[in-house]
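Here's the letter readout for the chains.
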Amino acid sequence: LRDRTLMSRSMSRWLAEQAGVRTARNVERTLMTRLHDAEVIDLASNDYLGLSRDPRLAEAAAEAIARWGTSATSSRLVAGTTQLHVDLENALADLTGMETGLAFSSGYLANIGVLTALGGPGTLIVADAHCHASLIDGFRLSRSRTETYEHGDVADAERLLADRTEPRALIATESIFSVLGDEAPLDELLDLAVRHDAMLLVDEAHSLGVTGAGRGSVFGTALAGHPNVIVTATLSKALGSQGGAVLGSAALREHLINRARTFIFDTGLAPSAAAAALTAIGIVIEEPERVASLHANAEAIANTLVPTLEPGQFDRGAGAVQSIRMPDARTALAASLVARAAGVAVGCFRPPSVPDNISRLRLTARADLSSSELDTACTVIERAIKEQK
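A short tour of the structure in this document, coming up. (Residues numbered from 1 in each chain as written. Predicted model: local features only at pLDDT ≥ 70, side-chain atom pairs only at ≥ 80, totals over all residues. Heavy atoms only, no water.)

1. Re the overall build of the chain
Here comes step 1: When you go through the chain residue by residue, the secondary structure sums to 13 helices and 12 strands.
Here comes step 2: Computed over its C-alpha atoms, the radius of gyration of the chain comes to 22 Å, within 12% of the 21 Å expected for a compact globule of 389 residues.
Here comes step 3: Taken over the C-alpha atoms alone, the chain extends approximately 55 × 55 × 55 Å along its principal axes.
Here comes step 4: Within the chain, buried positions represent 51% of all 389 residues.
Here comes step 5: Here the chain displays about 17400 Å² of accessible surface, and carbon together with sulfur accounts for 53% of that area.
Here comes step 6: Across the chain, the 36 positively charged side chains and the 47 negatively charged ones have centroids separated by 9 Å. (Helix = DSSP H or I, 4+ residues; strand = E, 2+ residues; numbered from the N terminus. Rg over C-alpha atoms; globule rule 2.2 N^0.38 Å. Buried < 20%, exposed > 50% of the residue type's maximum accessible area, 1.4 Å probe, protein only. Areas by Shrake-Rupley, 256 points an atom, 1.4 Å probe, with all protein chains shown as cover. Lys, Arg positive; Asp, Glu negative; His and termini not counted. Charge placed at Lys NZ, Arg CZ, Asp CG, Glu CD.)

See below:
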């Protein structure tokens, strides 16, 4: 009992020390309670197409609950697969131009699942420096040798592949990066993968429903359906639901069913989430004006704010994500709190959430924002930033 008490005290002291370090560095996180839409202009969430509150998704989710219940009840391999899961996977494959798909209970688990299933001492992973935390955790858990190339630098990636000693290799990137919102050179990376007999994993979390008329950055390119390409995606952003997916060849799908621990040992995606995502896919295809509105709103945000900021302070994104560089973590947090108090929610990204340690305000355009809401939001954001000078 005494030893356990000492251990508890030791851990308590360490937790207190860690809290002090976070406070000193202005990187302390707190839960931000989501307000009702009428109370705040939302430029912080990932609800890019405004589908999370669409009554059609709610109705589909309710019908799924009435038929299948509130849970998948078990892993997909035991009793957790419904026809909704099968239909969703087929719809995602059709949407993105890939051969097959496999749904996971989150995009985070989809990335970890595919990387750990393909990784190991015999696989070299060459990753973009700005890859998301879910990919980074997958690299670590895969037990693969992982090398990082300079952000977007294909020549640097090739240098790392040229020194490869492992029999297998995988290049990992996002198509639209989650912090800066910039695009990866996918065509060049595919050429690199083919020349070096490597797989190319493209995380479409921030491009599915956004680029390629909503079908993502891979669709309609040489990457779609290519045997060297794997796509991962989340259903919780533009599709307004919950869950994730890995899309690729039929052989890959069978391998994941048998080897991806985050699929095998996890309860399957809730039927309500599968139904909502399936309905959202239909809306993306049938209502292209939503995607067009998203891009128009992103352009309007950039055009309004760029002239008010220092040169180079605003990073124009290729999709919904737009980014404003801030002097440090303290000013980023202060500006975000000022904006929120004025009724505008923006993302505050500070280390370690930013890949280059540059704190930012991250603004996410949404298809359902009106011009008056955009004007108000930009005015509030401009004032919040100027108050920090």
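2. A few points about the sheet that holds strand 10 (residues 321-325)
Here comes step 1: Across the sheet, five strands lie side by side as 1-11-12-10-9; this open sheet has mixed pairing. The sheet is open, and its two borders are formed by strand 1 (41-43) and strand 9 (314-315), each paired with just one other strand.
Here comes step 2: Across three bridges, strand 11 (residues 344-349) lies against strand 12 (residues 360-364) in antiparallel orientation. Note that in strand 12 the partner of Cys348 across the bridge is Leu361.
Here comes step 3: Together, strand 1, strand 10, strand 11 and strand 12 form the strand contacts of helix 13 (residues 371-386), whose direction differs from that of strand 1 by roughly 70 degrees. (Pairing = 2+ DSSP bridges. Contact = heavy atoms within 4.5 Å. Axes fitted to C-alpha atoms, helices over the stretch in contact; angles between N-to-C directions.)

3. Here's the deal with the packing of aromatic side chains
Here comes step 1: Taken as a whole and judged by the stated rule, the model has one aromatic pair.
Here comes step 2: Measuring from centroid to centroid gives 5.5 Å for Phe104 and Phe263, while their planes differ by 65 degrees, and the two rings are edge-to-face. Here Phe263 lies in helix 9 (residues 261-264) and Phe104 lies in strand 2 (residues 100-104), a separation of 159 residues in the sequence.
Here comes step 3: Taking the relative accessible area as the measure of exposure, Phe104 reaches 1% and is therefore buried.
Here comes step 4: Residue Phe263 is classed as buried on the basis of its relative accessible area, which comes to 4%. (Phe/Tyr/Trp six-rings, centres within 6.5 Å; stacked < 30°, edge-to-face > 60°.)

4. Overview of unusual backbone geometry
Here comes step 1: Residue Pro351 is joined to Pro352 through a cis peptide bond whose omega torsion reads 5 degrees.
Here comes step 2: In the Ramachandran plot, Asp197 falls in the positive-phi region, its phi being about 50 degrees despite a non-glycine side chain.
Here comes step 3: Its location among the elements puts Asp197 in the loop between helix 7 (186-195) and strand 6 (199-203).

5. Describing the sheet that holds strand 5 (residues 168-174)
Here comes step 1: Spatially, 2-8-7-6-5-3-4 is the arrangement adopted by the seven strands of the open sheet, whose pairing is mixed. Where the open sheet ends on each side, the last strands, each with one partner, are strand 2 and strand 4 (145-149). Mean inter-strand twist for the sheet, computed between neighbouring axes without regard to direction, equals 20 degrees.
Here comes step 2: Sheet topology places strand 3 (residues 123-128) next to strand 4; five bridges connect them, and they run parallel. Residue pairing for strand 4: Asp128 is matched across the bridge by Tyr149.

6. What to know about the packing of helix 11 (residues 288-305) against helix 13
Here comes step 1: Across the interface, helix 11 lies against helix 13 with an axial gap of 10 Å and an inter-helix angle of 40 degrees. In terms of axis orientation, helix 11 runs oblique to helix 13. Two packed elements cross with a definite hand, and for helix 11 against helix 13 that hand is right-handed. From helix 11, Asn297, Ala300, Ile301, Thr304 and Leu305 reach across to helix 13, where they touch Leu374, Cys378, Ile381 and Glu382.
Here comes step 2: By residue class, the composition of the contact of helix 11 with helix 13 is six nonpolar, two polar and one charged. (Parallel < 35°, antiparallel > 145°, perpendicular 65-115°, else oblique. Left-handed = near helix turned anticlockwise from the far one by under 90°. Nonpolar A, V, L, I, M, F, W, Y, C, P; charged D, E, K, R; others polar.)

7. A word on the pairing of strand 11
Here comes step 1: Most of strand 11 is tucked away: five of the six residues are buried.
Here comes step 2: Pairing analysis gives three bridges linking strand 1 to strand 11, with the strands arranged parallel. By the bridge assignment for strand 11, Asp42 is matched with Ala345.

8. Looking at the state of the cysteines
Here comes step 1: All told, the structure shown has zero disulfides when counted by the stated rule.
Here comes step 2: Of the cysteine sulfurs around Cys348, a residue in no disulfide, the closest is that of Cys378, at 18 Å. (Disulfide = S-S within 2.5 Å.)

9. Considering the environment of Asp328
Here comes step 1: Mapped onto the secondary structure, Asp328 falls in the loop between strand 10 and helix 12 (329-341).
Here comes step 2: Spatially, the C-alpha atom of Asp328 lies 9.1 Å from that of Asn357, the residues being 29 residues apart in sequence.

By themselves, these observations are geometric and do not establish any function.
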